[in-house]
Amino acid sequence: MKKFYLLLFIILCLLLSSCNSQTNSSQDLPSNLTLNQAINLAYSDALDWNKKAKLIDATSIDSDEEQTGGDGKRRYWNITFGVPDTNDLFLVNIHDAKINEHAEFPNEGEVRTENYFVKDLSDIKYDSPELLEKAKEITELYPGDVFAKGYNFGLTTDPEKNLVLIKIVGWDEERKNMKYVLFNGENGELYDEFEREQYQ
Amino acid sequence: MKKMFYTIIFSTILISSIFTPEAQAATTHASQDVTAYTGSTNGSGGMLFPNKAYSTVAVHPKKNSSTPIYPYGTQIKTKSPLSLNGYGSKSTFTISDTGDILYKRSTYWFDVYFGTSTTTNKNNAKKFGEKKVTYTVYD
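Residues numbered from 1 in each chain as written. Chains lettered and ligands numbered in written order. Predicted model: local features only at pLDDT ≥ 70, side-chain atom pairs only at ≥ 80, totals over all residues.

1. So, the overall build of chain B
Part 1 of the argument: For chain B, the count of helices and strands is two helices and six strands.
Part 2 of the argument: Moving toward the C terminus, one meets the helices and strands of chain B in the order α-β-β-β-β-β-α-β.
Part 3 of the argument: Residue burial in chain B is summarised as follows: out of 139 residues, 40% are buried.
Part 4 of the argument: Sequence-distant contacts in chain B: of pairs separated by 6 or more residues, those separated by 24 or more amount to 75%. (Helix = DSSP H or I, 4+ residues; strand = E, 2+ residues; numbered from the N terminus. Buried ≥ 20, exposed ≤ 12 C-beta atoms within 10 Å, placed from the backbone. Contact = placed C-beta atoms within 7 Å.)

What follows is the structure, given as structure tokens:
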């Protein structure tokens, strides 16, 4: 009987320490990532899929209950990769600084040439926090309250001009129009900005 | 005593699995309406931003709410490729908008952006018409 209680005590200690380590882990690691942090996390997964994988685009996902993104970071991301001169895609879905899931989409859409891809992640010299601040200096940008809450971020390429574009998404003061501020991701210069009334 | 020992070990493994965080799996919706729309030339976007033709879609807001049925940035993957007039076939889209606030379509309907409202794009959207599709979301 004594051995039984001793065994039970040891097992309970192991369980409790397992719970504590998971709690401590989640407290130590950031759950919000910048655009570049999300891309770099996803890229390692993409390389496991295909060593020739290159980045096509990235977007934050507004799955948060509250408005976030004020610091240029978000909890949820979708990052898409492909292989130049193929139409194979690979999606990496990130939750709380971890890869939640990934999915392969072979033979998806058109064959993409090199100019649809970011040639090298080192070409992306700017990140969402500093570009958010820059966007706010350029235009009055407010966090969304219902759709695309807070501030959202994304990356894509302009295949005709061979540019990496980073987009900062917010709203106007009345929350009637979404506002997009686009930057050249390599030199941080303003590429374009515009407003759009939300489609009804 | 041995039976007790193995029972406790098995129970421990079972209980510890409860504390293991599970990944959130993608959700699939069957037989949902899909339509096409074009946007005004005033800031609705062209091939790239903010709505990317043949790449971005609008979804319903939740009923009796303004929040979308799926959030901005969610990726949609249809079970079979959609034939998009003026483009070709594809099956991946990103949610960037909301629409059909009167809920005339199925709950998980989505509306594919066909570009600005040029005559060609409007005709292509009209030809696309209404279809039924099964799709998976990644949010």
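2. Describing the overall build of chain A
Part 1 of the argument: Along chain A, the regular secondary structure elements total three helices and eight strands.
Part 2 of the argument: In summary, chain A has a C-alpha radius of gyration of 21 Å against a globular reference of 16 Å for 200 residues, an excess of more than 25%.
Part 3 of the argument: Counting only C-alpha atoms and orienting by the principal axes, one finds that chain A spans roughly 75 × 45 × 35 Å.
Part 4 of the argument: Considering chain A as a whole, with its 200 residues, one finds that 36% of them fall into the buried category.
Part 5 of the argument: Across chain A, contacts joining residues at least 24 apart in sequence account for 57% of those joining residues at least 6 apart. (Rg over C-alpha atoms; globule rule 2.2 N^0.38 Å.)

3. Some details on the domain arrangement of chain A
Part 1 of the argument: What the domain assignment reports for chain A is domain 1 (1-30) and domain 2 (35-197).
Part 2 of the argument: Each of domain 1 of chain A and domain 2 of chain A has a C-alpha centre, and these two points are 40 Å apart. (Domains from an automatic or database assignment.)

4. A few points about the sheet that holds strand β5 (residues 152-158) of chain A
All names here are of chain A.
Part 1 of the argument: Taken in spatial order, the eight strands of this open sheet run β4-β3-β2-β1-β5-β6-β7-β8, and their pairing is antiparallel. Strands with a single pairing partner mark the edges of an open sheet, and in this sheet they are β4 (98-105) and β8 (190-197). Averaged over all neighbouring strand pairs, the angle between strand axes comes to 20°, with direction disregarded.
Part 2 of the argument: Across two bridges, strand β1 (residues 54-60) lies against β5 in antiparallel orientation. Directly across from T59, in β5, lies its bridge partner G154.
Part 3 of the argument: Of the strands in this sheet, β1, β2 (76-82), β3 (89-95), β4, β5 and β6 (163-171) are in contact with helix α2 (residues 35-49), which crosses β3 at around 130°. (Pairing = 2+ DSSP bridges. Axes fitted to C-alpha atoms, helices over the stretch in contact; angles between N-to-C directions.)

5. Points about the nonpolar core
Part 1 of the argument: If you look at the biggest cluster of nonpolar residues, it comprises 68 residues, and the most contacted ones within it are A38 and I79 of chain A together with V57 and V112 of chain B.
Part 2 of the argument: Looking at which element gives the most residues to this core, the answer is β6 of chain A, with six residues.
Part 3 of the argument: In contact with I79 of chain A, not counting residues within four places along its chain, are A38, I39, A42, A58, V92 and I94 of chain A. (Core = buried A, V, L, I, M, F, W, Y, C linked by C-beta atoms within 7 Å.)

6. Regarding unusual backbone geometry
Part 1 of the argument: Even without being glycine, N107 of chain A reaches a positive phi, approximately 50°.
Part 2 of the argument: The topology assignment puts N107 of chain A in the loop between β4 and α3 (128-138).
Part 3 of the argument: Positive phi is not limited to glycine here, since S31 of chain B has a value of about 50°.
Part 4 of the argument: On the basis of neighbour count, S31 of chain B is assigned to the exposed category, with 9 C-beta atoms found within 10 Å.

7. Quick word on the sheet that holds strand β3 (residues 75-84) of chain B
All names here are of chain B.
Part 1 of the argument: The strand order β1-β5-β2-β4-β3-β6 describes a closed barrel built from six strands, whose pairing is mixed. Here the average twist between neighbouring strands, direction ignored, is 45°.
Part 2 of the argument: Alignment of strand β2 (residues 56-59) against strand β5 (residues 110-116), held across three bridges, turns out to be antiparallel. Along β5, the bridge assignment pairs V57 with V112.
Part 3 of the argument: Helix-sheet contacts for helix α2 (residues 119-128) involve β1 (27-39), β3 and β5, and the interaxial angle to β1 is about 150°.

8. Section: the confidence of the model for chain A
Part 1 of the argument: This prediction gives chain A a mean pLDDT of 90; 91% of its residues lie at or above 70.
Part 2 of the argument: When the criterion is pLDDT under 50, residues 23-27 of chain A qualifies, and its contacts beyond four places in sequence or with other chains add up to zero contacts. (pLDDT = per-residue confidence, 0-100.)

9. Overview of α2 of chain A
Part 1 of the argument: Look at α2 of chain A: 21 Å from first C-alpha to last across 15 residues, which is about the 21 Å you get at 1.5 Å a residue.
Part 2 of the argument: Residues of α2 of chain A that are buried: L35, N36, A38, I39, A42 and A46 of chain A. (Expected span 1.5 Å × (residues − 1).)

10. Examining the pairing of β3 of chain B
Residues and elements named next belong to chain B.
Part 1 of the argument: Of the strand pairs in this sheet, β3 and strand β4 (residues 88-98) are connected by six bridges, and their pairing is antiparallel. Opposite Q75, over in β4, you have T94 as the bridge partner.
Part 2 of the argument: Counting the residues that bridge the hairpin from β3 to β4 gives three residues, and of these G86 lies at a positive phi of roughly 95°.
Part 3 of the argument: In this structure, β3 lies alongside strand β6 (residues 131-138), joined through four bridges in antiparallel fashion. Bridging from a neighbouring strand, K77 pairs with T136 of β6.

11. Considerations on α2 of chain B
All names here are of chain B.
Part 1 of the argument: Taken together, the buried positions of α2 are occupied by N121, N124, A125 and F128. The arc enclosing the buried residues of α2, seen along the axis, measures out at 100°, which places them on a common side. Exposed residues lying more than 90 degrees from the buried face of α2 are T119, K126 and K127.
Part 2 of the argument: Looking at the buried side of α2, the elements it contacts are β1, β3 and β5.
Part 3 of the argument: Where α2 ends, the next residue or the one after it, G129, has phi of about 65°, a positive value. (Arc of directions from axis to C-beta.)

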